[in-house]
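What follows is the residue order along each chain.
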Amino acid sequence: MTTLGRARAAVAVCVFAAFAASSPALAVEYRLKIASIFDQSLTSFLSNGELGDGATGPGFERLEADLDEGTIGRGAIVTQRPLRSVPDTIARAWGGIAVQAPIARGGVVSFWDEVRWDGRPGERSIWIVKADGRERPQAVKHVVLKGSTPLTLYRPYAVSCGKTRVPVMDMPIPLMAFQESRGDVWDKYIAKNLDMTHGVGAVVGRNNQTSLPDLVYIIVDQGPTPTTFEVVLTWHDRDVEAPGGAGPILMRYDE
C-alpha cells in the first residue's frame, strides 16, 4: 500500500470510530408478559417442594404452558389487572424510562398481557399493573419472575432500607407516591433493596385501604440480547370486615 493509501485508510478508520462513538447503541427487542391469577390456582400447579420462597421447577413450566396456550381455566384468571406503561415523570422517579408500545391484552390467544419494544441495552424500563376499579381479590400474595433465569416464586417482603435485597419488595402506596412526587423513589429506596438477578423485579404497592387493590411496578433491566420477561402475579383477599363495621374477622380466604 502506498503512503497515500495508508493515510486514507487511517482517516477512514478515524471517521468510523468517531461515528461509532457518537451513534446510539443498536436497539434490541424485548418482550414482557404479565398474568394475574388467583393464588389457589397457582398452588394447584405446584408440588410441596415448589411452594417455598425462591422455588422453581416443573410446576411452573406447566403454568407457563397453560398461560401460553390459553388452556388454563378462565376461573383461575383475576380480571381487570391490566399491564400499563407509565408517564415519563414516573419512569424517571423509578430510575428508568417510559416505553410507549402497543400492549396485547390477555384472553384472546393466551392469558398474558404482552408488550414488545425495541430498546437500548443498559436502560431500565418501568411498567405498572394497576386494577381497574375496586374488584376483589385485593392483595398480591406471590410473584413469579422469569428473565435471565427460570420462573421462580417469591413473596413480597418489606425490607430495612439498604440492609437486605429481595427480588420482590413490599412498600406502602402513600410512601411510594410521596417519593415519586419528589422524583427519588428509586435512589432513596428501590435501588438499595431490589435484587435484579432475574433481569426483572417487582415492587408491590400495598394499599392501606383494605377494600382497595394493591398495585405492582415491574422493573426490567434491558440486557445486551433479546429477552422475554415473564411475571405472574397471584392475588388473594385481605382480612374482611364484619357487617356493620364491627372490626376485622380473623380469617383469610387462602387459609
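The structure presented is a predicted model; accordingly, all values stated were derived computationally and were not measured.

J.: Quick question: what am I supposed to make of the sheet that holds strand 5 (residues 124-130) here?
T.: Each strand in a sheet pairs with its neighbour through backbone hydrogen bonds, running either in the same direction (parallel) or in the opposite one (antiparallel). Sheet architecture is open: five strands sit in the order 2-5-10-9-8, paired in mixed fashion. Looking at the sheet topology across the chains shown, the edges are occupied by strand 2 (83-85) and strand 8 (168-172). Each neighbouring strand pair of the sheet contributes to a mean axis angle of 30°, computed without reference to strand direction. Where strand 5 and strand 10 (residues 215-221) come together, seven bridges link them in antiparallel fashion. Paired with Trp127 across the strands is Ile218, a residue of strand 10.

J.: Would you mind going over the pairing of strand 4 (residues 113-119) with me for this structure?
T.: Looking along a regular strand, one sees side chains alternate from face to face of the sheet. Extensive coverage of strand 4 is indicated by the burial of five of its seven residues. Taken together, the seven bridges between strand 1 (residues 28-38) and strand 4 define a ladder with antiparallel strand orientation. Bridge pairing links Val28 to Gly119 in strand 4. Of the strand pairs in this sheet, strand 3 (residues 103-104) and strand 4 are connected by two bridges, and their pairing is antiparallel. Bridge pairing links Ile103 to Val115 in strand 4.

J.: How do you make sense of the side chain of Gln179 when you look at a structure like this?
T.: With respect to the helices and strands, the residue Gln179 is situated in helix 5 (residues 173-182). A relative accessible area of 2% places Gln179 in the buried class. Excluding anything up to four places from it in sequence, Gln179 contacts Asp184, Val185, Lys188 and Tyr189.

J.: How do you make sense of the pairing of strand 6 (residues 139-146) when you look at a structure like this?
T.: By the criterion of burial, strand 6 is predominantly enclosed, with seven of the eight residues buried. Taken together, the three bridges between strand 6 and strand 7 (residues 152-154) define a ladder with antiparallel strand orientation. Each residue of the ladder has a partner; that of Val143, found in strand 7, is Tyr154. The antiparallel pairing of strand 6 with strand 7 creates a hairpin that spans five residues between the two strands.

J.: Help me out: how do you make sense of the confidence of the model for the protein in this one?
T.: It should be kept in mind that the predicted coordinates are not to be read in detail where pLDDT is low. When the pLDDT values of the protein are averaged, the result is 86; 84% of them are 70 or greater. Ignoring residues within four places in sequence, the model shows residues 9-24, a span with pLDDT below 50, making one contact including any to other chains.

J.: Would you take a moment to explain helix 6 (residues 185-193) for this structure?
T.: Listed in full, the buried residues belonging to helix 6 are Val185, Trp186, Ile190 and Asn193. Taken end-on, helix 6 shows its buried residues confined to a sector of 130°, consistent with a single buried face. Against the buried residues of helix 6 lie helix 4 (88-93), strand 5, strand 8, helix 5, strand 9 (200-206) and strand 10.

J.: So what exactly am I meant to see when it comes to the nonpolar core here?
T.: Where a protein is soluble and globular, its nonpolar side chains tend to be buried together. Leu32, Trp127, Val143, Ile218 and Val231 are the most contacted members of the largest nonpolar core, which totals 26 residues. Listed by contribution, the elements that provide at least two residues to this core are strand 1, strand 4, strand 5, strand 6, strand 9, strand 10 and strand 11 (227-236). Excluding residues that lie within four positions of it along the chain, Leu32 makes contacts with Leu83, Asp113, Glu114, Val115, Trp117, Trp127, Ile218, Val220, Phe229 and Val231. With 22 residues, the next largest nonpolar core counts Ala93, Met169, Ile190 and Tyr217 among its residues.

J.: What should I look at first to understand the pattern of salt bridges in this one?
T.: Side-chain pairs of opposite charge can arise whenever the charged atoms involved come near each other. Throughout the structure, instances matching the rule amount to 14 salt bridges. Across the pair Glu64 and Lys146 runs a salt bridge whose closest N-O atoms are separated by 2.8 Å. On the criterion of sequence distance, the pair formed by Glu64 in helix 3 (residues 58-69) and Lys146 in strand 6 is long-range, its members being 82 residues apart. The class for Lys146 is partly exposed, based on a relative accessible area of 24%. Three or more residues joined by partner-sharing salt bridges are found here, namely Asp170, Arg206, Asp214 and Arg238.

J.: I'm lost on the sheet that holds strand 1 in this one. Help?
T.: Ordered in space as 3-4-1-11-6-7, the six strands form an open sheet in which the pairing is mixed. Both outer strands of the open sheet, strand 3 and strand 7, are each paired with one neighbouring strand and no more.

J.: Looking at this structure, how should I read the packing of aromatic side chains?
T.: When we look at a pair of aromatic rings, we describe it by the centre distance and by the angle of the planes. What the rule picks out here adds up to three aromatic pairs. For the pair Trp94 and Tyr217, a centre-to-centre distance of 4.1 Å together with 25° between the ring planes defines the contact as stacked. Taken together, the positions of Trp94 in the loop between helix 4 and strand 3 and Tyr217 in strand 10 put the pair 123 residues apart, joining distant regions of the chain. This pair shows no difference in class: Trp94 is buried, exactly as Tyr217 is. Judged by centre distance (5.0 Å) and plane angle (50°), the rings of Trp117 and Trp127 are tilted. A residue pair is termed long-range when its members are at least 10 positions apart, and Trp117 in strand 4 and Trp127 in strand 5 qualify at 10 residues. Judged by relative accessible area, Trp127 falls into the buried class, the value being 0%.

About the thresholds
- Residues numbered from 1 in each chain as written.
- Predicted model: local features only at pLDDT ≥ 70, side-chain atom pairs only at ≥ 80, totals over all residues.
- Heavy atoms only, no water.
- Pairing = 2+ DSSP bridges.
- Helix = DSSP H or I, 4+ residues; strand = E, 2+ residues; numbered from the N terminus.
- Axes fitted to C-alpha atoms, helices over the stretch in contact; angles between N-to-C directions.
- Buried < 20%, exposed > 50% of the residue type's maximum accessible area, 1.4 Å probe, protein only.
- Contact = heavy atoms within 4.5 Å.
- pLDDT = per-residue confidence, 0-100.
- Arc of directions from axis to C-beta.
- Core = buried A, V, L, I, M, F, W, Y, C linked by side-chain atoms within 4.5 Å.
- Salt bridge = Lys/Arg side-chain N within 4 Å of Asp/Glu carboxyl O.
- Phe/Tyr/Trp six-rings, centres within 6.5 Å; stacked < 30°, edge-to-face > 60°.

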